[in-house]
Amino acid sequence: MRGKKQKENPGMNCAEIFAALALIEKERNIPQSFMMEKIIQALTTAYKRDHEDVENVIVDVDEAHQALKMYVQKTVVDEEDYVDPANELTLAEAKAISAKYEIGDVVNLPVDTVEFGRIAAGNGKQVIIQGLREAERGMVYDEFNSKQHEILTGAVTRVDPRNGNVFLRIGTGSESTEALLMAGEQVQGEELSEGMHVKVYVVEVRRSTRGPQVLISRTHPGLVKRLFELEVPEIYDGTVEVKSIAREAGSRTKMAVWSHDENVDPIGACVGPRGQRVAAIVDELQGEKIDIIKWSEDAAQFIAAALAPADVVEVTMAEEGKACRVIVPDDQLSLAIGKEGQNARLAARLTGYKIDIKPASWHDDEAEAFAEAEDAQPTEVTE
């Protein structure tokens, strides 16, 4: 009867544990060693919970025979020093086990088979389930962590009407996860609905107790850069380099490009035949305007280009700091500044320079005022 009760004990015996781990490795690609480590930790913790005074417990894994054995480790001490039966053996007790033991040796004492079977049965399934979840979360984290600063396509699963946050499912199969597109990371005026597939930029991947937390964006300048990499072979292979991007999502982007090959026009490569490449990206960004500018090592030349579509008459660099004054034709002052200052603002962010824009008439007035001041200076008379 006693043997029958042991067979009916719910849980898993050692052979079942090994079989389960082999199946998990085959189907989920989770190493048996990872899962076995979790099981050993759980078994030792469970034994110590039942035997609070015991300090050292080990589990021996016999893969060849698909067996697990647990041992309590005790130190051999002299009779006079024997005070802790849970962790110590007298020399006489140790000699009774084997004549080789001496004071100071550590003896491994097998845990009763019935008790170990009870512990294994009570913890095996639970630990495998927990370990499986942990391993899968780790695999999902590794999968998405390798895709930081990349573009992924997500399917909208839910839109929170209270705050406008959008939940997306990204990835496939067991390596998929839910990502949150915060309202602040969405393009203003862009409406996302359940079932839509949208491209998002992976800003960061964080670990959390509920699995990896993938932070995504539709407004990040990196989204534009990655879209051009997907669309323009010359950027993907490194012939054309994106030097900098300034973006006001949903409205306008300025992108500075440069070619490593003098025979390749960087702007032409990005625009594509009949404008097809840039048009595809504009469509993906719901009509966002994109200014493609040729980067230059000459800061003045780069700043003049960045203010396109306005023409620039002159750029004067400040003697100290990253600042300059730009002169434009009077009739192009508003074009250079842009609606609500957008063109000048984006140009400043693209180049990294503070830009002071003045009309040509201001330049003429300043020159005239300077000449008048010169005329007003007293003339030095020499004898």
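Above this text sits the structure in question.
Reading the values: rules and limits
- Residues numbered from 1 in each chain as written.
- Predicted model: local features only at pLDDT ≥ 70, side-chain atom pairs only at ≥ 80, totals over all residues.
- Heavy atoms only, no water.
- Helix = DSSP H or I, 4+ residues; strand = E, 2+ residues; numbered from the N terminus.
- Salt bridge = Lys/Arg side-chain N within 4 Å of Asp/Glu carboxyl O.
- Buried < 20%, exposed > 50% of the residue type's maximum accessible area, 1.4 Å probe, protein only.
- Pairing = 2+ DSSP bridges.
- Contact = heavy atoms within 4.5 Å.
- Axes fitted to C-alpha atoms, helices over the stretch in contact; angles between N-to-C directions.

**Some remarks on the environment of Thr 239**
- Tracing the backbone through its elements, the reader meets Thr 239 in the loop between α7 (233–236) and β10 (240–248).
- Note: C-alpha distance between Thr 239 and Val 264 (25 residues apart in sequence) is 8.0 Å.

**Remarks on the pattern of salt bridges**
- Considering all chains together, one arrives at 15 salt bridges under this definition.
- Among the ionic pairs, Arg 277 bridges to Glu 234, the shortest N-O distance being 3.0 Å. With Arg 277 in helix α9 (residues 276–284) and Glu 234 in helix α7, the pair connects residues that are 43 residues apart, well separated along the chain.
- For Arg 277, a relative accessible area of 18% translates into the label buried.
- The salt bridge partner of Glu 248 is Arg 349, with a shortest N-O separation of 3.5 Å.

**Regarding the pairing of strand β4 (residues 106–110)**
- Side-chain alternation along β4 places Val 107 and Leu 109 on a buried face and Val 106, Asn 108 and Pro 110 on a face that remains uncovered.
- Bridging between strand β2 (residues 67–77) and β4 involves five bridges; their strand directions are antiparallel. By the bridge assignment, Tyr 71 is partnered in β4 with Pro 110.

**Comments concerning helix α12 (residues 342–351)**
- Across the 10 residues of α12, seven count as buried, placing the element largely inside the fold.
- Looking at α12, one finds that the buried residues are Gln 342, Asn 343, Ala 344, Leu 346, Ala 347, Leu 350 and Thr 351.
- Tucked inside the fold, the buried residues of α12 contact β10, β11 (252–259), β12 (289–294), α10 (299–306), α11 (333–337) and β15 (354–359).
- Looking one or two residues beyond α12, the residue adopting positive phi is Gly 352, at roughly 85 degrees.

**Concerning the sheet that holds strand β8 (residues 197–206)**
- Spatial ordering of the closed barrel is given by β5-β6-β7-β9-β8, a layout of five strands whose pairing is mixed. Strand after strand, the sheet turns through a mean of 50 degrees between neighbouring axes, direction not considered.
- Sheet analysis places β8 next to strand β9 (residues 213–217), joined by five bridges and oriented antiparallel. Note that in β9 the partner of Tyr 201 across the bridge is Ser 217.
- Its contacts with the sheet put helix α6 (residues 221–231) on β5 (151–159) and β8, and the angle it makes with β8 is roughly 120 degrees.

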